[in-house]
Amino acid sequence: MKVFDYTTKTAQEQLRRIMNRGTDYSRKDYRQVEQIIGEVRRNGDRALEKYTRQFDAPGLKAARLRVTPQEFKAAGRQVDRQFRHSLARAIRQIETFHQAQRENSWISTDRPGVVVGQQITPVDSAGIYVPGARGGETPLVSTVLMGVLPARQAGVPRIVMVTPPRKDGSVSPHLLVAAEKTGVTEVYKVGSAWAIAALAYGTETIPRVDMIAGPGNKYVVLAKKTLSGTVGIDIIAGPSEILIIADQTADPRYLAADLLSQAEHDALASAVLITPVREIARQTAREVDAQLSALNRQETAKKALARYGGIFIVDSMETALTTANRFAPEHLELQVEEPFAMLGRIRNAGAVFLGRFTPEPIGDYVAGPNHTLPTGGCARFASALSTSHFLKRTSVVFYSEAALKAEAPDAIRLAEIEGLGAHANAIRVRLEK
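Attention in this report is confined to the structure presented alongside it.

Rules used in this analysis
- Residues numbered from 1 in each chain as written.
- Predicted model: local features only at pLDDT ≥ 70, side-chain atom pairs only at ≥ 80, totals over all residues.
- Heavy atoms only, no water.
- Phe/Tyr/Trp six-rings, centres within 6.5 Å; stacked < 30°, edge-to-face > 60°.
- Helix = DSSP H or I, 4+ residues; strand = E, 2+ residues; numbered from the N terminus.
- Buried < 20%, exposed > 50% of the residue type's maximum accessible area, 1.4 Å probe, protein only.
- Salt bridge = Lys/Arg side-chain N within 4 Å of Asp/Glu carboxyl O.
- Pairing = 2+ DSSP bridges.
- Axes fitted to C-alpha atoms, helices over the stretch in contact; angles between N-to-C directions.
- Contact = heavy atoms within 4.5 Å.

Some words on the packing of aromatic side chains
Summed over the entire model, instances satisfying the criterion amount to five aromatic pairs. Seen in terms of ring centroids, tyrosine 51 and tryptophan 194 are 5.2 Å apart; in terms of plane orientation they differ by 15°. Their pairing is stacked. Taken together, the residues span a long stretch of sequence, with tyrosine 51 in helix α3 (residues 45-55) and tryptophan 194 in helix α8 (residues 192-201) at a distance of 143 residues. No difference in accessibility class separates tyrosine 51 from tryptophan 194, as the two residues are buried. A centroid spacing of 5.5 Å and a plane angle of 25° characterise the contact between phenylalanine 55 and tryptophan 194, whose relative ring orientation is stacked. In this pair, phenylalanine 55 sits in helix α3 while tryptophan 194 sits in helix α8, placing the two residues 139 residues apart along the sequence. Overall, tryptophan 194 belongs to the buried group, its relative accessible area being 4%.

Take a look at the structure:
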């Protein structure tokens, strides 16, 4: 892993490359996604069958798109007790965290004769997208939990899951058990852009939903982006990323392990360490090389580190913090002596992990906070997936006759300034007897 002196032109170019990675999509990509969306809207299940057979499961018919009760039962027999134990802990802790995010309706009666407030209601239905990984052989169980549980805590009545099938037309038993344990029994074997289109418009088999959440490849991202407005979406999440700030107390073994935990995701993932301690930088670079050889995804990690990785030596912790806020990373680790003292200086990050015994992957599985986070600098304005993404806020207004008379002149004047005479008249007629 390369070490850069932050003040050099080479270092600045590498930082820019990392910060701008994976955010541009070609016109061809957009055209392909728009074509898929259009075909699903016109042809429904026939389009789903066509794309699923072409890219995922060659023998799968539209009649088998929905997972059956028998498949759920079979899945339950295929998972071990330890998995169930680990799953139960994760569900319990993720559920508890998202319970605390619940919002309540409220009413204010501060002004005589006036009632204003906000009514909180969940969307009627939500679709959770769970990506396929290595043909479904490495099931992303945590994505099920992180998508379903906030929707469940928001009170969404109907939650469905879509995920690409394996080559034989089945779904990983681990995914099905995770879905069932979180209360989801409506699962469909569809993936990529055609799954997003099906959720947005509905087909003969898949009823449309009001909200779609969950990460995916560039075709999923572009489909969500294109259909935003037709259906609600959570966030536009790109390739994974980690930025670590470390001081002299950090352990290079831990730093290297955490950098690699993100680099193994895919070739577009980024892994960055910023430290004012030159010896920490050098030792971490050596540790990365040593640990890399033991990874089963070492080729992917190597590509990611070569293109979008780097260890940057800065002149001070102040520079490290400024750079981190400019970067606005998905995952930010503070491996420093006093992490809580530094927390208040962090303005832009999807999630912050404090201290040497809080590796980012603990947040992926059991800590509780959601792991679907803004990437590519979007933490400047966006937040983690939460119960709020599945809630609507409806304003409530009531005026008595006396209250209207008291405030009408100001409302009428503002309407007239805007040249909206009918607005003013709708108030004025109520004052006439």
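Points about the pattern of salt bridges
Scanning the entire structure with this criterion turns up 15 salt bridges. A salt bridge links arginine 111 to glutamate 407; the shortest N-O distance between them is 3.1 Å. Remark: glutamate 407 occurs in helix α16 (residues 401-417) and arginine 111 occurs in the loop between β2 (106-108) and β3 (114-122); sequence separation between them is 296 residues. Residue classification places arginine 111 among the partly exposed positions, given a relative accessible area of 36%. A residue is classified by how much of its surface remains accessible, and glutamate 407, at 28% relative accessible area, is partly exposed. The salt bridge partner of arginine 253 is aspartate 251, with a shortest N-O separation of 2.8 Å. In this structure arginine 253 comes out as partly exposed when scored by relative accessible area, which is 45%. The class for aspartate 251 is buried, based on a relative accessible area of 10%.

Considerations on the sheet that holds strand β13 (residues 351-354)
As summarised here, the arrangement of the six strands in space is β1-β11-β10-β9-β12-β13, forming an open sheet in which the pairing is parallel. Single-partner strands in this sheet number two, and they are β1 (3-5) and β13. Averaged over all adjacent pairs, the angle separating strand axes in this sheet is 20°, with direction ignored. One ladder, built from five bridges, connects strand β9 (residues 241-246) with strand β10 (residues 270-275); its direction is parallel. Following the sheet pairing, isoleucine 245 is matched in β10 by isoleucine 274. Here helix α1 (residues 9-19) sits on the sheet and contacts β1, β10 and β11 (309-313); the angle it forms with β11, its principal contact strand, is near 135°. Here helix α10 (residues 252-263) sits on the sheet and contacts β9, β10 and β12 (331-335); the angle it forms with β9, its principal contact strand, is near 165°.

Re the sheet that holds β3
With antiparallel pairing, the three strands of this open sheet are ordered in space as β2-β3-β14. In this open sheet, the two edge strands, each paired with only one partner strand, are β2 and β14 (391-399). Neighbour to neighbour, the strand axes of the sheet diverge by 15° on average, direction disregarded. With three bridges connecting them, β2 and β3 associate as antiparallel partners. Across the sheet, isoleucine 107 pairs through a bridge with glycine 117, a residue of β3. Here α16 sits on the sheet and contacts β3 and β14; the angle it forms with β14, its principal contact strand, is near 90°.

So far we have only geometry, and geometry alone does not tell us how the molecule works.
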